Amino acid sequence: MSGVSKYNYPSTHTGGVKPLSIRGIFEDERIRLSEEFTDEERAWRKQWLNDQKLSPNEPRPESEEWIREVRNPIRRFLSKPWQLFESSLVPVLGKTPAATFRYVIPKSLVIFAATYFTWYHLKYNQNDWTRAYGATIQMPKPRAFPGDKEFPVKRDKEDPSDFCDRGFKSRNVFLD
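Anyway, here's the lowdown on the structure attached to this text.

What counts and what doesn't
Residues numbered from 1 in each chain as written. Predicted model: local features only at pLDDT ≥ 70, side-chain atom pairs only at ≥ 80, totals over all residues. Heavy atoms only, no water. Helix = DSSP H or I, 4+ residues; strand = E, 2+ residues; numbered from the N terminus. Rg over C-alpha atoms; globule rule 2.2 N^0.38 Å. Buried < 20%, exposed > 50% of the residue type's maximum accessible area, 1.4 Å probe, protein only. Salt bridge = Lys/Arg side-chain N within 4 Å of Asp/Glu carboxyl O. Axes fitted to C-alpha atoms, helices over the stretch in contact; angles between N-to-C directions. Left-handed = near helix turned anticlockwise from the far one by under 90°. Contact = heavy atoms within 4.5 Å. Nonpolar A, V, L, I, M, F, W, Y, C, P; charged D, E, K, R; others polar. Phe/Tyr/Trp six-rings, centres within 6.5 Å; stacked < 30°, edge-to-face > 60°. Lys NZ or Arg CZ within 6 Å of the ring centre and 35° of its normal.

## Structural notes on the overall build of the chain
Move 1: Helix and strand counts for the chain come out as 5 helices and 0 strands.
Move 2: Reading the chain from its N end, one meets helices and strands in the order α-α-α-α-α.
Move 3: Here the C-alpha radius of gyration of the chain, 33 Å, is well above what a compact globule of 176 residues would show, namely 16 Å.
Move 4: Along the first, second and third principal axes, the C-alpha set of the chain runs to 105 × 55 × 40 Å.
Move 5: In the chain, which comprises 176 residues, the proportion classed as buried is 9%.

The following block contains the structure:
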């Protein structure tokens, strides 16, 4: 059985499908200037070039009705403050910088909040002998190769009771 299967897709940007040019067969300037290019095809090309021009009212901005139809209420609620922020920046900075700020600032705040939450969780919710949840952070033994002055590296845990201690030996409560 020949053909394209799950594992032998051709390495092309079209995924093996022949690309189709919307310019037609006469996109090459040499062909257009040859004798094969008829008056009917010249009229067709002139019409095609005129069709590529956008009307003055394009690209159209997203209407409120379209946004209400396409976006869910939670997304509309969360994006409203940023729309107001962008509309207040447009007279000062211009349309493109205001849109850039509207795009970058919320995402930066989300990345900052996620980083801060992760740092806080790792710092104040460590797994120790008093609780059964939280992150356990273990550092690997340092590397040492034969010939290094630290070789062989001495182990931090020598006694069997040192393993899986989770800070129990260094506690300050229940010592009696």
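## With respect to the pattern of salt bridges
Move 1: All chains considered together, the criterion is met by 6 salt bridges.
Move 2: Close ionic contact of Asp39 with Arg42 constitutes a salt bridge, the shortest N to O distance being 3.6 Å. Taken together, the residues Asp39 and Arg42, both in helix α2 (residues 39-51) and 3 residues apart, mark about one turn of the helix.
Move 3: Since its relative accessible area comes to 62%, Asp39 is described here as exposed.
Move 4: Put simply, Arg131 and Asp128 hold a salt bridge, and the shortest N to O gap is 3.8 Å.
Move 5: The class of Asp128 is partly exposed, set by a relative accessible area of 24%.
Move 6: When salt bridges that share partners are traced, they join Asp159, Asp162 and Lys169 into one network.

## Regarding the packing of helix α4 (residues 73-93) against helix α5 (residues 95-124)
Move 1: Orientation of α4 relative to α5, taken along the N-to-C sense of each, is 145 degrees, at an axis distance of 8 Å. The handedness of the crossing between α4 and α5 is right-handed. Of the residues in α5, those in contact with Ser79, Trp82, Gln83, Phe85, Glu86, Leu89, Val90 and Leu93 of α4 are Lys95, Pro97, Ala98, Ala99, Phe101, Arg102, Ile105, Pro106 and Leu109.
Move 2: A class-by-class count of the residues in the contact of α4 with α5 yields 12 nonpolar, 2 polar and 3 charged.

## Details of the side chain of Arg71
Move 1: The residue Arg71 is located in the loop between α3 (64-70) and α4 in this model.
Move 2: Overall, Arg71 belongs to the buried group, its relative accessible area being 16%.
Move 3: In this view, Arg71 contacts Glu62, Arg76 and Gln83; residues no more than four positions away in its chain are not counted.

## Some remarks on the packing of aromatic side chains
Move 1: Taken as a whole, this structure holds 7 aromatic pairs when the rule is applied.
Move 2: For the ring pair Tyr116 and Trp119, a centre distance of 5.6 Å and an interplane angle of 40 degrees mean the geometry is tilted. Within this pair, Tyr116 and its partner Trp119 are both found in helix α5, separated by 3 residues, close to a single helical turn.
Move 3: Residue Tyr116 is classed as partly exposed on the basis of its relative accessible area of 46%.
Move 4: Residue class for Trp119 comes out partly exposed when judged on its relative accessible area of 43%.
Move 5: Plain terms: the ring middles of Tyr120 and Tyr124 are 4.9 Å apart, the flat faces sit at 50 degrees to each other, and that makes the pair tilted. Of this pair, Tyr120 and Tyr124 both sit in helix α5, 4 residues apart, roughly one helical turn.
Move 6: Over the face of the ring belonging to Tyr103 we find Lys107, whose NZ or CZ atom lies 4.3 Å from the ring centre.
Move 7: The ring of Phe168 is capped by Arg171, whose NZ or CZ atom sits 4.0 Å from the centre of that ring.

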